[in-house]
Amino acid sequence: MSGIYWVSYRIHEDCTYTARYSAFIASLDSVSDKQWENDTTSFHIIESKDSIKSIAASLKKALNESTDNFLIRKMDSKSAIYFGSNVEFFALKKFMDYVSKA
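Residues numbered from 1 in each chain as written. Predicted model: local features only at pLDDT ≥ 70, side-chain atom pairs only at ≥ 80, totals over all residues. Heavy atoms only, no water.

Examining the nonpolar core
Counting residues in hydrophobic clusters, the biggest one holds 19 residues, and the most contacted among them are Val-7, Tyr-9, Phe-24, Ile-55, Leu-59, Phe-70 and Ile-72. Of all the elements in the fold, those that place two or more residues in this core are strand S1 (3-10), helix H1 (17-31), helix H2 (52-60), strand S4 (69-74) and strand S5 (79-83). For Phe-70, the residues in contact, after removing those within four places along its chain, are Ser-8, Tyr-9, Phe-24, Ala-56, Leu-59, Lys-60, Leu-63, Ile-81, Tyr-82 and Phe-83. Among the nonpolar cores identified, the runner-up in size contains 8 residues, and Leu-71, Ala-80, Leu-92 and Met-96 belong to it. (Core = buried A, V, L, I, M, F, W, Y, C linked by side-chain atoms within 4.5 Å. Buried < 20%, exposed > 50% of the residue type's maximum accessible area, 1.4 Å probe, protein only. Helix = DSSP H or I, 4+ residues; strand = E, 2+ residues; numbered from the N terminus. Contact = heavy atoms within 4.5 Å.)

Written out as structure tokens, the structure reads:
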């Protein structure tokens, strides 16, 4: 069964930025059946047959947890996964108590 998800992310700009960004977008493309990205920065809406956990596992392989982050949410449910620092995760939990850590 397909789901619709939104993904917001930040990739820290350093000497490996281009490689991490390219790997992240390639991962996003590989799990997407359809995709919307307009002129917004670092935000995509995707349709995927994969689960939210599977998508998050694929995306996190491209990033550095100490400098990068993403938040993915299934649009029609209270299902969200965050990847990144624990400090930011605990701050996010105050707004989305259902979010889990990748």
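Having seen the structure, we can now continue with the description.
So, H2
For H2, the set of buried residues is Ile-52, Ile-55, Ala-56, Ser-58 and Leu-59. Along H2, the residues classed as buried sweep out an arc of 160 degrees about the axis, all on the same side. On the buried face of H2, the contacting elements are S1, H1, strand S3 (43-48), S4 and S5. (Arc of directions from axis to C-beta.)

Some remarks on the packing of aromatic side chains
Using the criterion set out here, one finds 7 aromatic pairs in the structure. When the ring of Tyr-9 is compared with that of Phe-24, the centres are 4.6 Å apart and the planes differ by 45 degrees; the resulting orientation is tilted. Of this pair, Tyr-9 sits in strand S1 while Phe-24 sits in helix H1, placing them 15 residues apart in sequence. Classification of Phe-24 as buried rests on a relative accessible area of 0%. An angle of 15 degrees between the planes, with centres 5.3 Å apart, marks the rings of Phe-70 and Phe-83 as stacked. Here Phe-83 lies in strand S5 and Phe-70 lies in strand S4, a separation of 13 residues in the sequence. Summarising the burial analysis for this pair, Phe-70 and Phe-83 share the class buried. (Phe/Tyr/Trp six-rings, centres within 6.5 Å; stacked < 30°, edge-to-face > 60°.)

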